[in-house]
Protein chains: 2
Amino acid sequence: MIKLYHFPLCPFSRRIRLLLSESNLDFELLYEIPWDRRPEFLALNPAGTLPVIIDENDKNISGIYSITEYIEEILSLNKSNFIFGDIYNKSEIRRIMEWFDVKFNAEVTQLILKEMVNKFYINKSDGGGSPNMEIIRIAQENMIYHLDYISYLSESRGWLAGDRISEADFAVAAHLSCLDYLNKVPWDKADSVKNWYARIKSRPSFSNLLKDELSGFITPAHYADLDF
Amino acid sequence: MIKLYHFPLCPFSRRIRLLLSESNLDFELLYEIPWDRRPEFLALNPAGTLPVIIDENDKNISGIYSITEYIEEILSLNKSNFIFGDIYNKSEIRRIMEWFDVKFNAEVTQLILKEMVNKFYINKSDGGGSPNMEIIRIAQENMIYHLDYISYLSESRGWLAGDRISEADFAVAAHLSCLDYLNKVPWDKADSVKNWYARIKSRPSFSNLLKDELSGFITPAHYADLDF
C-alpha cells in the first residue's frame, strides 16, 4: 500500500489525497509537520517539503510535481488519467494547476496558512505568535481576483478545464478547502465558485478531507456540510 | 516555427530556451516584460507569467509546467526526452526541477531579481527604486546551502539527476545563469558546482543565453567566458 506523508492543511498533500482516492489507489496517511524538520523525514526528502510518498516497491517520491506525474503514469496504464485528452487539453489542465499551485499559493494560500497555522504551532522565539491581521486582509483581497477567474472557468465549462473533472479541479479545490477550514473563503461573493465547489465536495474522494481535525482549530459549521 | 515569449533574466524562459535548443526545435524569441502587463500578452496568458509559446498550429501554451510537459510529449515521439528513464528516474529529475523552480526560486532567484532587475525597471511610485542590499545579502546566504546540495549531486553523479544530462541540469543552470549575469554566484565557494556549470555552459544550446544583453546591466567578464 502507498504511504503518504501529509499535513492536513497542506494544499499539495490534499491534492494527492484527492487524486489517490479518485484513482481508487489504496493509501495510508502518515502525519508530518514539515517545519519540525524531523531528521528521518529529511532523509526521505532533503527539501523538507510535503507531500512525500513511499510506494509499494518501497521507493520514495518527493514533491507535488514528481508525485502527480508519477501517479498519472500509473493511471495511463489503464487510461484513467486526470491529466487527459490531446496535447492541448493536457496543457490547459496543467496551466490551471500551475496558476493555483504557484500564483494563488503565493498570493493567498501561503500567506494565510503562515499567519494562522504555522505561527500558531511555532514557538514565539522562532517567529511564531499571533497572526498579522493586515497580511490576512491582503491575502483575502488578493483572493477575490482569483475567485473571479474560477467563476469564469466554471461558468463556461462543466469542470474547470473542460467537460470532465481533472487534476485542475483537484488543485483548485485543495487550496480552497484549506482556506475554508479556516473560514477564509468569502462564498457569498462567489456564487458560481460555490456551486462548483459543492459538486466536488460531495464526491466520495472528498469525505476524508472533511473529517480532518487539527488541534487548536475549530472548523466553521459549513466546512463539512455538503449543502452549505 | 515555435514562438517563445521570454524575458532574458527569467529563469523559466531560459530553461525553455535550453530545452528547445537541445531538442533541435526551431524557435523565435519574442521579448516580453511581464510586469508591464501588456493587454495583448494577458490575452495569451491571463496569469501574466512567462514563458508562453505559440506553436506551429498557432496554439498558445502558458507556464513552465505546461510547456515543459508539452515539449517532452513531442520529444517522446522519437524517444529523445530530457525527462527519461523508468518511473523513478523521471521522478528524480522532476524532484530536482521542483527543488530549484520552487524552493531555490523563492529563497534566492526571485529575491535577487526583484531587488536588482524589477526595481530597476519599475517607476519609484510603483515600488521601484534602489535595491535593498539586506535582502540581497540574505538571498546570497540562502544560496550557500543550495550550492552545497548541487555540489553533492554533481560529485556523486555524472549530471545532476544521473549519468545523462536532463531537464534537472537545465533547470538548475537556468537559475544560476540569471544570478551569474548579475555577478551574484560565489563560484570561489563551490568548486564542483563551477565544474558542472562550465560543462553545461560550453554546450551549443547555452551560447544564445551568453549573448543576452539587458540595457542597464553589464555582465561580469566571466559570464560568457567558457574557461571562467
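Quick summary incoming for the structure in this document. As the structure is a computational prediction, the values presented were derived from the model and not from experiment. (Residues numbered from 1 in each chain as written. Chains lettered and ligands numbered in written order. Predicted model: local features only at pLDDT ≥ 70, side-chain atom pairs only at ≥ 80, totals over all residues. Heavy atoms only, no water.)

## Quick look at the overall build of chain A
Next, step 1: Helices and strands together make up the secondary structure of chain A, namely 8 helices and 4 strands.
Next, step 2: Across chain A, helices and strands are ordered from the amino to the carboxyl terminus as β-α-β-α-β-β-α-α-α-α-α-α.
Next, step 3: The dimensions of chain A, computed from C-alpha atoms along their principal axes, are 50 × 45 × 30 Å.
Next, step 4: The averaged location of the 33 negative side-chain charges in chain A is 2 Å from the averaged location of its 25 positive side-chain charges. (Helix = DSSP H or I, 4+ residues; strand = E, 2+ residues; numbered from the N terminus. Lys, Arg positive; Asp, Glu negative; His and termini not counted. Charge placed at Lys NZ, Arg CZ, Asp CG, Glu CD.)

## Overview of helix α7 (residues 191-201) of chain A
All names here are of chain A.
Next, step 1: All buried positions along α7 are accounted for by S192, V193, W196, Y197, I200 and K201. For α7, the angular spread of buried residues about the axis comes to 165°, placing them on one side. Seen from the open side of α7, the exposed residues pointing more than 90 degrees away from its buried face are D191 and N195.
Next, step 2: Against the buried residues of α7 lie α5 (133-156), α6 (167-181) and α8 (204-210). (Buried < 20%, exposed > 50% of the residue type's maximum accessible area, 1.4 Å probe, protein only. Arc of directions from axis to C-beta. Contact = heavy atoms within 4.5 Å.)

## A short note on the sheet that holds strand β1 (residues 2-6) of chain B
Paired through backbone hydrogen bonds, the strands of a sheet run either parallel or antiparallel to each other.
Residue and element names in this part refer to chain B.
Next, step 1: The 4 strands lie next to each other as β2-β1-β3-β4, forming an open sheet whose pairing is mixed. Unpaired on one side and paired on the other, β2 (27-31) and β4 (60-62) mark the two borders of the sheet. Averaged over all pairs of adjacent strands, the angle between strand axes in this sheet comes to 20°, irrespective of strand direction. (Pairing = 2+ DSSP bridges. Axes fitted to C-alpha atoms, helices over the stretch in contact; angles between N-to-C directions.)

## Some thoughts on the packing of helix α6 (residues 167-181) of chain B against helix α7 (residues 191-201) of chain B
Residue and element names in this part refer to chain B.
Next, step 1: Their axes nearest at 11 Å, the elements α6 and α7 cross at an angle of 100°. Classified by the angle their axes make, α6 and α7 are roughly perpendicular. Together, D169, F170, V172, A173, L176, S177 and D180 of α6 and V193, W196, Y197, I200 and K201 of α7 make up the contact between the two elements.
Next, step 2: Residues that form the contact of α6 with α7 fall into these classes: 8 nonpolar, 1 polar and 3 charged. (Parallel < 35°, antiparallel > 145°, perpendicular 65-115°, else oblique. Nonpolar A, V, L, I, M, F, W, Y, C, P; charged D, E, K, R; others polar.)

## Side note on the interface of chain A and chain B
Next, step 1: Listed per partner, the contact involves 29 residues of chain A and 29 residues of chain B.
Next, step 2: Carbon and sulfur atoms make up 57% of the surface buried where chain A meets chain B, a total of about 2,600 Å² over both sides.
Next, step 3: The largest per-residue losses of area from chain A upon contact with chain B belong to A:Y65, A:Y88 and A:E98, which jointly make up 27% of the total buried on that side.
Next, step 4: In this structure, the connection of chain A to chain B is made through 2 salt bridges.
Next, step 5: Run the count over chain A and chain B and you get 18 residue pairs in polar contact (both at pLDDT 80 or more).
Next, step 6: No other element matches helix α4 (residues 87-121) of chain A, which puts 10 residues into the side of chain A that touches chain B.
Next, step 7: Here the residues of the side of chain A that touches chain B are counted per class, giving 14 nonpolar, 6 polar and 9 charged. (Buried area = accessible area lost by both parts, 1.4 Å probe. Salt bridge = Lys/Arg side-chain N within 4 Å of Asp/Glu carboxyl O. Polar contact = N/O pair within 3.5 Å; in protein donor to acceptor, adjacent residues only side chain to side chain.)

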